Amino acid sequence: MVLHPPARLQIAAVLARTSQAEFARLREITRVSDSVLSKHLSALVEAGYVHLTKAALDGRQRTWASFTASGRAAFSGHMRALQAIVSAAGESDTEASSRP
């Protein structure tokens, strides 16, 4: 259930499309505070799904997040599970509407 919270799912979706994302960009996308984003990233790091890199840029310390192989695999599996749920719900709607 590490990827279940909406902000973590948004983070994972971004990381699935890029090699790394800067903290400020993830904050903009998730629309959460720095402290909330830090907690979500910490949970993803603890699960082994995300790796954080810190480096100076323009005289300021910056943090970049990237998926680990485990994180990429977990996100892919999570997306397959969500797609199966949506597909099953669509089938249920079709069956229900065809009943007399």
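Up top you'll find the structure we're talking about.
This one's a predicted model, so the numbers in the text were calculated from it and none came from an experiment.

## A few points about the side chain of His40
Then comes step 1: In this structure, His40 sits in helix H3 (residues 34-46).
Then comes step 2: Judged by its relative accessible area of 15%, His40 is buried.
Then comes step 3: Look past the residues within four positions of His40 in its chain and what remains in contact with it is Pro5, Ala7, Arg8 and Ile11.

## Focus on the nonpolar core
Then comes step 1: If you look at the biggest cluster of nonpolar residues, it comprises 17 residues, and the most contacted ones within it are Leu3, Ile11, Leu15, Leu26, Leu41 and Val50.
Then comes step 2: Only helix H1 (6-16), helix H2 (23-30), H3, strand S3 (60-67) and helix H4 (69-97) provide two or more residues apiece to this core.
Then comes step 3: By residue number, the principal contributor to this core is H1, which donates four residues.
Then comes step 4: Leu15 has contacts with Gln20, Ala21, Val50, Ala65, Ser66, Phe67 and Arg72, leaving out every residue within four places of it along the chain.

Rules used in this analysis
- Residues numbered from 1 in each chain as written.
- Predicted model: local features only at pLDDT ≥ 70, side-chain atom pairs only at ≥ 80, totals over all residues.
- Heavy atoms only, no water.
- Helix = DSSP H or I, 4+ residues; strand = E, 2+ residues; numbered from the N terminus.
- Buried < 20%, exposed > 50% of the residue type's maximum accessible area, 1.4 Å probe, protein only.
- Contact = heavy atoms within 4.5 Å.
- Core = buried A, V, L, I, M, F, W, Y, C linked by side-chain atoms within 4.5 Å.

Interpretation in functional terms is not warranted from these geometric data alone.
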